[in-house]
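Chain and residue survey
Chain by chain, the residues:
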Amino acid sequence: MANQMTKAQLVAALAERTGGDKKQAGAALEALTGIITETVVQGGAVTLPGVGKIYCRERPERTARNPSTGEQIQKPADKVVKITVAKALKDSINA
């Protein structure tokens, strides 16, 4: 990754773009993170326009291989968070 933005940098950029201060921007970011987390944990999905859709998907029980030993193991069913990237973001990257 060439330029990875830290949380502090994101808060500063958000404050600059909205004309608010860093404390307000940090609170907004925390609130957004909380809303996304609560919604996804409850089985819902959150769409961030122009960015993508964040949701939880259940994976069934499956057979996997231990990479160090090559042994076949049974992995129990579990849940994973998925993000589907919006077409607008894909198009802006490839423009």
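The following paragraphs examine the structure supplied in this document.

1. Let's talk about the pattern of salt bridges
Applying the stated criterion across every chain yields a total of four salt bridges. A salt bridge links Arg 59 to Asp 78, with the shortest nitrogen-to-oxygen separation between them at 2.9 Å. Here Arg 59 is found in strand E2 (residues 52-59), whereas its partner Asp 78 is found in strand E5 (residues 78-85), with 19 residues between them in sequence. Residue classification places Arg 59 among the partly exposed positions, given a relative accessible area of 25%. You can call Asp 78 partly exposed: its relative accessible area is 25%. Connected through shared salt-bridge partners, Arg 59, Arg 62 and Asp 78 make up one network.

Here is what the cut-offs are and how they apply
Residues numbered from 1 in each chain as written. Predicted model: local features only at pLDDT ≥ 70, side-chain atom pairs only at ≥ 80, totals over all residues. Heavy atoms only, no water. Salt bridge = Lys/Arg side-chain N within 4 Å of Asp/Glu carboxyl O. Helix = DSSP H or I, 4+ residues; strand = E, 2+ residues; numbered from the N terminus. Buried < 20%, exposed > 50% of the residue type's maximum accessible area, 1.4 Å probe, protein only.

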